[in-house]
Amino acid sequence: MNKLSHINEQGEATMVDVSDKKVTARTATASGEVFFPKEVFETLRSNQFSNKKGSIIQTAVIAGIQAVKKTADLIPLCHQLALSKVHIDIQPKENTLKIYCTVKCTERTGVEMEALTGVSISALTIYDMCKALSHDIKIANIQLEQKSGGKSDFNR
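Residues numbered from 1 in each chain as written. Predicted model: local features only at pLDDT ≥ 70, side-chain atom pairs only at ≥ 80, totals over all residues. Heavy atoms only, no water.

**Q** Describe the side chain of threonine 24, listing the residues and the values that go with them.
**A** When you line up the elements, threonine 24 lands in strand 1 (residues 24-35). Within the structure, threonine 24 has its side chain in polar contact with the side chain of arginine 26 (distance 3.1 Å). From its side chain, threonine 24 meets the backbone nitrogen of glycine 150 in a polar contact 3.3 Å long. Setting aside residues up to four positions removed in sequence, threonine 24 forms contacts with Cys105, Thr106, Glu107, Gly149 and Gly150. (Helix = DSSP H or I, 4+ residues; strand = E, 2+ residues; numbered from the N terminus. Polar contact = N/O pair within 3.5 Å; in protein donor to acceptor, adjacent residues only side chain to side chain. Contact = heavy atoms within 4.5 Å.)

Quick look at the structure:
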């Protein structure tokens, strides 16, 4: 039976001891979406997704990369990881910006939380840069798409 890995026998929060795990190449990709009212999305598209604050997409990419590197500072029980690669891709779809974040490392633990953090902060940055046009912007569907390396792989 699976059990929560961050809770010890006394019910206390604990960081997982990964010292006995094998160092392997690890990768994870997460995704999420930012939904806009149609008229807001058309305004953004007509301005090449830029506003007076700058490029919405490029600012969100940089914010997401910075967030990935700070994941262990933001989520208390995450390990500090030496990251090999962070790639954030943001693509316009119908009234939506679709975000993908892929993170790679060679470590004893995976990078799922880093990929999810990258998507989350990219989405929040997009919201921040667009909220002057409307507060009817939705962030949704943040999820792990795949992970590899370590004990088990996952593909959605």
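The structure having been displayed, the exposition proceeds.
**Q** Describe the side chain of asparagine 95, and please don't skip the residues or the numbers.
**A** With respect to the helices and strands, asparagine 95 occurs in the loop between strand 4 (83-93) and strand 5 (96-107). If we skip the residues at most four places from it in the chain, asparagine 95 touches Val34, Phe35, Phe36, Lys38, Phe41 and Glu42.

**Q** Residues and numbers for the environment of glycine 149, please.
**A** With respect to the element layout, glycine 149 can be found in the loop between strand 6 (138-148) and strand 7 (154-155). By relative accessible area, which is 16% here, glycine 149 ends up buried. Note: C-alpha distance between glycine 149 and glycine 32 (117 residues apart in sequence) is 22 Å. Not counting chain neighbours up to four residues away, the residues in contact with glycine 149 comprise Thr24, Ala25 and Arg26. (Buried < 20%, exposed > 50% of the residue type's maximum accessible area, 1.4 Å probe, protein only.)

**Q** Break down the nonpolar core for me, with residues and values.
**A** A general feature of soluble globular proteins is that nonpolar side chains tend to end up buried together. Counting residues in hydrophobic clusters, the biggest one holds 32 residues, and the most contacted among them are Phe36, Ile90, Leu97, Ile99 and Ile126. Those elements that place two or more of their residues in this core are strand 1, helix 1 (38-46), helix 2 (56-69), strand 4, strand 5 and helix 4 (112-130). Ranked by residue count, the leading element in this core is helix 4, at seven residues. Leave out the neighbours within four places in its chain, and isoleucine 126 touches Val34, Phe36, Ile56, Ala60, Ile90, Leu97 and Ile99. (Core = buried A, V, L, I, M, F, W, Y, C linked by side-chain atoms within 4.5 Å.)

**Q** Would you mind going over the pattern of salt bridges in detail, with residue names and values included?
**A** Tallying each qualifying case throughout the model produces two salt bridges. Glutamate 33 is the salt-bridge partner of lysine 98, the closest N and O atoms lying 3.9 Å from each other. Highlighted residues: lysine 98 in strand 5 and glutamate 33 in strand 1, separated in sequence by 65 residues. Accessibility assignment for this pair places lysine 98 and glutamate 33 in one class, buried. For lysine 131, the salt bridge goes to aspartate 128, with nearest N and O atoms at 2.5 Å. What makes lysine 131 partly exposed here is its relative accessible area of 31%. Taking relative accessible area as the criterion, aspartate 128 reaches 34% and is therefore assigned partly exposed. (Salt bridge = Lys/Arg side-chain N within 4 Å of Asp/Glu carboxyl O.)

**Q** How would you summarise the sheet that holds strand 1 if you had to cite specific residues and measurements?
**A** On the basis of which strands lie adjacent, the open sheet formed by five strands has the order 4-5-1-6-7 and antiparallel pairing. In this open sheet, the two edge strands, each paired with only one partner strand, are strand 4 and strand 7. Bridging between strand 1 and strand 5 involves 12 bridges; their strand directions are antiparallel. For glycine 32, the partnering residue across the bridge sits in strand 5 and is isoleucine 99. The strands touched by helix 2 within the sheet are strand 4 and strand 5, with strand 4 carrying the most contacts at an inclination of about 150°. Sitting on the sheet, helix 4 touches strand 1, strand 4, strand 5 and strand 6, and the angle it makes with strand 5 is about 150°. (Pairing = 2+ DSSP bridges. Axes fitted to C-alpha atoms, helices over the stretch in contact; angles between N-to-C directions.)

**Q** I'd love a proper account of the packing of aromatic side chains, names of residues and values included.
**A** How two aromatic rings sit relative to each other is given by the distance of their centres and the angle of their planes. Going through the model one piece at a time under the given rule, you end up with two aromatic pairs. Ring-pair connections join several aromatic residues into one group, and the members of that group are Phe36, Phe41 and Phe49. (Phe/Tyr/Trp six-rings, centres within 6.5 Å; stacked < 30°, edge-to-face > 60°.)

**Q** Just give me the short version of a nonpolar patch on the surface, but keep the residues and values in it.
**A** Residues Leu124, Ile139 and Ile142 make up a contiguous nonpolar surface patch of about 230 Å² in total accessible area. Structurally, leucine 124 is set in helix 4. By relative accessible area, which is 48% here, leucine 124 ends up partly exposed. (Patch = residues over 30% accessible without salt bridge, like charges linked within 9 Å, V, L, I, M, F, W, Y side chains within 5 Å. Areas by Shrake-Rupley, 256 points an atom, 1.4 Å probe, with all protein chains shown as cover.)

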